[in-house]
Amino acid sequence: MSEIDRLREMIDGARRIVAFTGAGISTESGIPDFRSPGGIWTKYQPIYFDDFMSSEEMRREAWRRKFATDETMARAEPNAGHRALAKLVEQGRMSAIITQNVDGLHQRSGVPDSKVIELHGNSTYATCLDCTQRYELESIKQAFVGEGRLPICEKCDGIVKTATISFGQAMPEIAMARAQDETMACDLFIVLGSSLVVYPAAGFPRVAKRKGAKLVIVNRDPTDQDDDADLVLHAEIGPIMSRVVGVN
Ligand SMILES: [Zn+2]
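Residues numbered from 1 in each chain as written. Predicted model: local features only at pLDDT ≥ 70, side-chain atom pairs only at ≥ 80, totals over all residues. Heavy atoms only, no water.

## Thoughts on the overall build of the protein
Working step 1: Check the secondary structure of the protein and you find 11 helices and nine strands.
Working step 2: In terms of C-alpha radius of gyration, the protein reaches 19 Å, essentially the compact-globule figure of 18 Å for 248 residues.
Working step 3: Burial statistics for the protein: of 248 residues in total, 50% are counted as buried.
Working step 4: Here the contacts in the protein between residues at least 6 apart in sequence split such that 68% fall between residues at least 24 apart.
Working step 5: Surface exposure of the protein reaches about 12,200 Å², of which carbon and sulfur atoms provide 48%. (Helix = DSSP H or I, 4+ residues; strand = E, 2+ residues; numbered from the N terminus. Rg over C-alpha atoms; globule rule 2.2 N^0.38 Å. Buried < 20%, exposed > 50% of the residue type's maximum accessible area, 1.4 Å probe, protein only. Contact = heavy atoms within 4.5 Å. Areas by Shrake-Rupley, 256 points an atom, 1.4 Å probe, with all protein chains shown as cover.)

Here it is, written out as structure tokens:
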């Protein structure tokens, strides 16, 4: 039996599936893997959360970088991998998509917000760090690029930041708790496009295994947890998942 047939059989036989996605699912949409060699985080020093909070110059630098790289993100469209997962969610077979990505492409592929658990936040909008009021990037960009104004919350004067989790920023508690619950409740856990090196996120596959779920890893390159998996496919995600689930 081919690996694709085995994956299809595991998906068909599962009662409750959870997906765990990383940069690899979105590189096929043209979004670079920021952590890979040559990726943007190897060119720039990362801006740590405390520095962002304490230094206006760091906030300016963060917004400059954001708008310098924003075009790629804005142009990206969901690919066959995203669409395959969206179909499994729609069929009621996949209870949640836990993602390390900040690009919002799972939601854009039709998955309701309530089914996407974003461990590293979302870079397609901003929020006030004090009162969580949401702000769209376009108005921030106009004020920043046009007039050099940093965004300040209209409601509480708080600092506004993209809704991502920065280096040195606490993991989002509610998202982490939901991810833990979903991981413990599933009987099939599928990792797609994550090299499983960034903790604590990379701990979820082990939790799933400990609770008796089957573990599948679909990733272009080998991962540290391949030995723990019931099935490993070293391949591009879109072509595999579209065949397994039957989407274009
Ligand atoms: Zn506010």
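Resuming the write-up.
## Here we look at the pairing of strand β2 (residues 94–99)
Working step 1: Within β2, six of the six residues are buried, which leaves the element mostly enclosed by the surrounding structure.
Working step 2: In this sheet, β2 lies alongside strand β1 (residues 17–21) in parallel orientation, the contact comprising five bridges. Paired with Val18 across the two strands is Ala96, which belongs to β2. (Pairing = 2+ DSSP bridges.)

## Section: the side chain of Thr127
Working step 1: Tracing the backbone through its elements, the reader meets Thr127 in strand β4 (residues 121–128).
Working step 2: The exposure class of Thr127 is buried, given its relative accessible area of 19%.
Working step 3: With sequence-adjacent residues up to four places away left out, Thr127 is seen in contact with Thr132, Gln133, Arg134, Ile159, Val160, Lys161 and Ala163.

## Things to note about the sheet that holds strand β5 (residues 134–136)
Working step 1: Read across the open sheet, the three strands follow the order β5-β4-β6; overall the sheet is antiparallel. Every interior strand has two partners, whereas the edge strands, β5 and β6 (160–164), have only one. With strand direction ignored, the average angle separating the axes of adjacent strands in the sheet is 45°.
Working step 2: Contacts from helix α5 (residues 56–75) reach β4 and β6 within the one sheet, and its direction differs from that of β6 by about 40°.
Working step 3: Contacting β4, β5 and β6, helix α8 (residues 137–147) crosses the sheet at an angle of about 65° to β5. (Axes fitted to C-alpha atoms, helices over the stretch in contact; angles between N-to-C directions.)

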